[in-house]
Amino acid sequence: MNTTLALSDTFGSDLVRGIGAILLYGVIGLLLMFAGFYAIDWTTPGKLSKLVSQGLPNAVIVTASGLLSMAFIVVVAIFNSASDLTEGLITSLVYGLLGIIVQVVAVRLLEWATRIDVASTIQSEKFAPVSIVVAAAHLGLGLVVAVGIS
């Protein structure tokens, strides 16, 4: 008994369209992650990329948590984008940018409310437990903003 696996007539075009969508969403995601990093860097005292490359532990923790929080926002923005590819790319970009702005403002307000001296924390060469609080704020607010997008 021979069994033949038949592919639909549109399999090839569907596959190409899917690959194109993945690449385009990947570009949008990458652009949003860059925007998120620079938003964190711009609004955080000190030059994060320099502090991270120097291996300062608190700068690494704060930057990593900020990037993860931005990733939550970007992923949910893409996941909840419109089903049409063009509309989906636009809504992902708009929701992602808005999410990044809300995230940055919310984290800075929380840092202000808790009176955390972020500048001295991230510039310290020794681990400071308060960097975990800042990281938790980044992650927690990133999740809140991400869910807000959905």
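Procedures and definitions
Residues numbered from 1 in each chain as written. Predicted model: local features only at pLDDT ≥ 70, side-chain atom pairs only at ≥ 80, totals over all residues. Heavy atoms only, no water. Helix = DSSP H or I, 4+ residues; strand = E, 2+ residues; numbered from the N terminus. Rg over C-alpha atoms; globule rule 2.2 N^0.38 Å. Buried < 20%, exposed > 50% of the residue type's maximum accessible area, 1.4 Å probe, protein only. Contact = heavy atoms within 4.5 Å. Areas by Shrake-Rupley, 256 points an atom, 1.4 Å probe, with all protein chains shown as cover. Salt bridge = Lys/Arg side-chain N within 4 Å of Asp/Glu carboxyl O. Phe/Tyr/Trp six-rings, centres within 6.5 Å; stacked < 30°, edge-to-face > 60°. Lys NZ or Arg CZ within 6 Å of the ring centre and 35° of its normal. Expected span 1.5 Å × (residues − 1). Polar contact = N/O pair within 3.5 Å; in protein donor to acceptor, adjacent residues only side chain to side chain. Core = buried A, V, L, I, M, F, W, Y, C linked by side-chain atoms within 4.5 Å.

1. What to know about the overall build of the protein
Next up, step 1: When helices and strands are tallied, the protein shows 6 helices and 0 strands.
Next up, step 2: When the helices and strands of the protein are read in sequence order from the N terminus, they spell out α-α-α-α-α-α.
Next up, step 3: Computed over C-alpha atoms, the radius of gyration of the protein comes to 20 Å, more than 25% over the 15 Å expected from 2.2 N^0.38 for 150 residues, which places it beyond the range of a compact globule.
Next up, step 4: Looking at the protein as a whole, 35% of its 150 residues qualify as buried.
Next up, step 5: For the protein, the proportion of contacts with a sequence separation of at least 24, taken over those separated by at least 6, is 80%.
Next up, step 6: Summed over all atoms, the accessible surface of the protein reaches about 8,900 Å², with 72% contributed by carbon and sulfur.

2. Observations concerning the pattern of salt bridges
Note that side chains of opposite charge can pair when their charged atoms are close.
Next up, step 1: All told, the structure shown has 2 salt bridges when counted by the stated rule.
Next up, step 2: Between Asp 14 and Arg 17 there is a salt bridge, with its nearest N and O atoms 3.3 Å apart. One end of the pair is Asp 14 and the other is Arg 17, both in helix 1 (residues 11-43) and 3 residues apart, which spans about a single turn.
Next up, step 3: When its relative accessible area of 35% is taken as the criterion, Asp 14 is described as partly exposed.
Next up, step 4: With a relative accessible area of 52%, Arg 17 lands in the exposed category.
Next up, step 5: Between Asp 41 and Lys 47 there is a salt bridge, and its shortest N-O distance comes to 2.9 Å.

3. Comments concerning the packing of aromatic side chains
Next up, step 1: Throughout the structure, instances matching the rule amount to 1 aromatic pair.
Next up, step 2: Here the aromatic rings of Phe 37 and Tyr 38 are separated by 5.3 Å at their centres, their planes lie at 75°, and the arrangement is edge-to-face.
Next up, step 3: Given a relative accessible area of 15%, Phe 37 falls into the buried group.
Next up, step 4: Of the residues examined, Tyr 38 reaches a relative accessible area of 48% and is grouped as partly exposed.
Next up, step 5: Here the guanidinium or amino end of Arg 115 rests over the ring plane of Trp 112, the centre of that ring lying 5.2 Å away.

4. A word on helix 3 (residues 57-79)
Next up, step 1: The terminal C-alpha atoms of helix 3 lie 33 Å apart, and with 23 residues this matches the ideal 33 Å at 1.5 Å per residue to within 8%.
Next up, step 2: Regarding helix 3, the residues found buried are Asn 58, Ala 59, Val 62, Thr 63, Ser 65, Gly 66, Ser 69, Met 70, Ile 73, Val 74 and Ala 77.

5. Quick look at helix 1
Next up, step 1: Counted at 1.5 Å a residue, the expected span for helix 1 with its 33 residues is 48 Å, and the 47 Å between its end C-alpha atoms agrees.
Next up, step 2: Residues of helix 1 that are buried in the fold lie against helix 2 (48-53), helix 3, helix 4 (85-114) and helix 6 (130-149).

6. Re the side chain of Arg 108
Next up, step 1: By the element assignment, Arg 108 lies in helix 4.
Next up, step 2: Classification of Arg 108 as buried rests on a relative accessible area of 18%.
Next up, step 3: Within the structure, the side chain of Arg 108 is placed 3.0 Å from the backbone oxygen of Thr 43, a separation counted as a polar contact.
Next up, step 4: Non-local contacts of Arg 108, meaning those with residues more than four positions away in its chain, are made with Ile 40, Thr 43, Thr 44 and His 138.

7. Some thoughts on the nonpolar core
Next up, step 1: Met 70, Ile 73, Ile 100 and Ile 122 are the most contacted members of the largest nonpolar core, which has 25 residues in total.
Next up, step 2: Every element with two or more residues in this core is listed here: helix 1, helix 2, helix 3, helix 4, helix 5 (118-123) and helix 6.
Next up, step 3: Contacts of Ile 100, omitting those with residues within four sequence positions, involve Leu 32, Ala 35, Gly 36, Ala 39, Met 70 and Ile 73.

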